[in-house]
Every structure is written in structure tokens, then in C-alpha cells.
Amino acid sequence: MYNTSVNHYLRDHIRTVQDWPAPGVAFRDITPLLQDAKVFRVLIDAFVHRYMDPALRPDVVAGLDARGFIIGSVIAYELGVGFVPIRKRGKLPFTTVEETYELEYGSATVEVHVDAVKAGDRVLLIDDLIATGGTMMAGKKLLEKLGAVVMEGAAIVDLPELGGSAKLHSSGLPLFTLIDFEGH
Ligand code: HSX
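Residues numbered from 1 in each chain as written. Predicted model: local features only at pLDDT ≥ 70, side-chain atom pairs only at ≥ 80, totals over all residues. Heavy atoms only, no water.

## A few points about the UniProt feature "domain: Phosphoribosyltransferase" (unreviewed entry) in the chain
Annotation from UniProt places "domain: Phosphoribosyltransferase" (unreviewed entry) at residues 38-160. As annotated, residues 38-160 comprises 32% helix and 37% strand, and the C-alpha atoms at either end are separated by 28 Å. (UniProt positions renumbered as here; feature names shortened; annotations may be inferred. Helix = DSSP H or I, 4+ residues; strand = E, 2+ residues; numbered from the N terminus.)

As C-alpha cells, this is what we get:
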């Protein structure tokens, strides 16, 4: 966990929307973190302070479609490294590699350009939230197909009850998250 008072400050700016997108789901909405300039800066700095440490500094930041783009690109800019988008299928124009993963109902596919990272690059993988961990796991596998090393996964919110962070951790991926939400 990051500095506790920062965690609480950020938590207070996450909106919980009940029964969205489906009955029984408590959706953790990060948009209030972004729309206030001061809160947005505190949020981004929480990540930047960690990854500007030379031992943890990535070569590239990869963001997961779509909320991972919002924070991932700003973090990359602040760290002075490049940003690559991992997109849902059919959005990237150049040659891609893809990875399909299971959802509760059906499956999803994510893609990245074949030249997005180089073999041996140390990549920081970013999303807004970890639930089942399927999205982040697919992103990790994609980057590894290109020979990159995913040095850490980072997200604003973890929903530990859904088991994703434990699954990612046991796959060997270190994780950094700012806020845990249990229950509703
Ligand atoms: C949500 O699903 C978030 O923005 C993440 O991209 C993703 C997390 O779910 P999971 O793949 O961990 O279950 O739309």
C-alpha cells in the first residue's frame, strides 16, 4: 500500500454506482479522480513517485483499453518514456499480435502492434482496475509474446474478492494498486 493518507484522499474521490452495468454490480467509477485538477495530480504522482525510482523505472508504459490509456499515457509522459496502447480487437491499423481471454459470458481479444515493444524491454502495464485479472493477464501474455518483460502491473483499484490480483501475483507479476474495495 502507498502512503495511507493519499489512499484515503483518493478513495474519497471514487464514485460507486450501484447496479451498473448490470443488477447487483457495484461499479467503481474513477472519473471523479480525473475531473478535479488537484486530485488528478495526486493520483498521477502516486504512480510517478514509485516508478521514477531507478530500480523500478520502466523502459515503456503499456496501457489497457480504455481507462488504462488515461492514466498510463500521463504516467509515461512524466517518466519520460514511451507509451503503447493495448487495444480491443479491430482498432489497431498495423500488424498485431493478439490474445483471447475468457469473460464471465463469452470471451474478449486484445491486440498490440508487433513493433510496440522490443525484446527485453521492461514494461509497466497499467489499467484503472483489477477485477478477475483477465484483462491484465492477457496484456502480460501479449507483451511476453513480443519478448518484453512485464516488470509490474499497476492499477488504481483492486477488487481482491474477485481473486484477480491473487491470480496475477501467483503468475509471477508484481502488482502495485492504490485502493482496495471489498464488498459493496
Ligand atoms: C474494466 O474491466 C476495467 O476498466 C478493466 O479494464 C477490466 C478489469 O476487469 P478484469 O479483466 O480484471 O476482470 O472494464
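Resuming the write-up.
## Notes on the packing of helix α3 (residues 37-51) against helix α4 (residues 67-79)
Orientation of α3 relative to α4, taken along the N-to-C sense of each, is 55 degrees, at an axis distance of 10 Å. When the axes of α3 and α4 are compared, the pair comes out oblique. Our pair here, α3 against α4, has a crossing hand that is right-handed. Listed contacts from α4 to F40, L43, I44, F47, V48 and Y51 of α3 are I71, V74, I75, E78 and L79. Taken together, the residues that form the contact of α3 with α4 break down as 10 nonpolar, no polar and one charged. (Axes fitted to C-alpha atoms, helices over the stretch in contact; angles between N-to-C directions. Parallel < 35°, antiparallel > 145°, perpendicular 65-115°, else oblique. Left-handed = near helix turned anticlockwise from the far one by under 90°. Contact = heavy atoms within 4.5 Å. Nonpolar A, V, L, I, M, F, W, Y, C, P; charged D, E, K, R; others polar.)

## Things to note about the site of the ligand
In the vicinity of the ligand, the contacting residues are R67, D127, D128, L129, I130, A131, T132, G133, G134 and T135. At 2.6 Å from an oxygen atom of the ligand is found a side-chain nitrogen or oxygen belonging to D128. Between the ligand and the protein, one listed contact pairs an oxygen atom with a side-chain N or O atom of T132 at 2.5 Å. Compared with its free state, where it exposes 360 Å², the ligand has 77% of that area covered by protein. Elements supplying a minimum of two residues to the shell around the ligand: β7 (122-130) and α5 (134-145). Tallying contributions element by element places β7 first for the shell around the ligand, with four residues. (Near = heavy atom within 4 Å. Polar contact = N/O pair within 3.5 Å; in protein donor to acceptor, adjacent residues only side chain to side chain. Areas by Shrake-Rupley, 256 points an atom, 1.4 Å probe, with all protein chains shown as cover.)

## So, α4
Taking 1.5 Å of rise per residue, the 13 residues of α4 would be expected to cover 18 Å, and the 19 Å separating its terminal C-alpha atoms lies within 8% of that figure. Looking at the buried residues of α4, the elements they touch are α2 (31-35), α3, β3 (60-64), β4 (82-88), β7 and β8 (149-158). Count one or two residues on from α4 and you reach G80, which has phi positive near 75 degrees. (Expected span 1.5 Å × (residues − 1).)

## Examining the sheet that holds β3
With mixed pairing, seven strands are arranged side by side in an open sheet as β5-β6-β4-β3-β7-β8-β9. At either margin of the open sheet sits one strand with a lone partner, and together these are β5 (96-102) and β9 (175-180). Taking each pair of neighbouring strands and ignoring which way they run, the sheet shows an average axis angle of 20 degrees. Here β3 pairs with β4 via five bridges, running parallel. Bridged to A62 within β4 is V84. (Pairing = 2+ DSSP bridges.)

## A closer look at unusual backbone geometry
Of note, the bond from W20 into P21 is cis; its omega dihedral lies within 30 degrees of zero at 5 degrees. The topology assignment puts P21 in the loop between β1 (15-18) and β2 (26-29). Despite not being glycine, D19 shows a phi value in the positive range, around 60 degrees. Positionally, D19 belongs in the loop between β1 and β2.

## A word on the environment of P58
Mapped onto the elements of the fold, P58 is located in the loop between α3 and β3. Considered as a pair, P58 and P21 are 37 residues apart in the sequence and their alpha carbons are 34 Å apart. Setting aside its immediate chain neighbours within four residues, P58 contacts Y51, L79, V81, R122, V123, L124 and M151.

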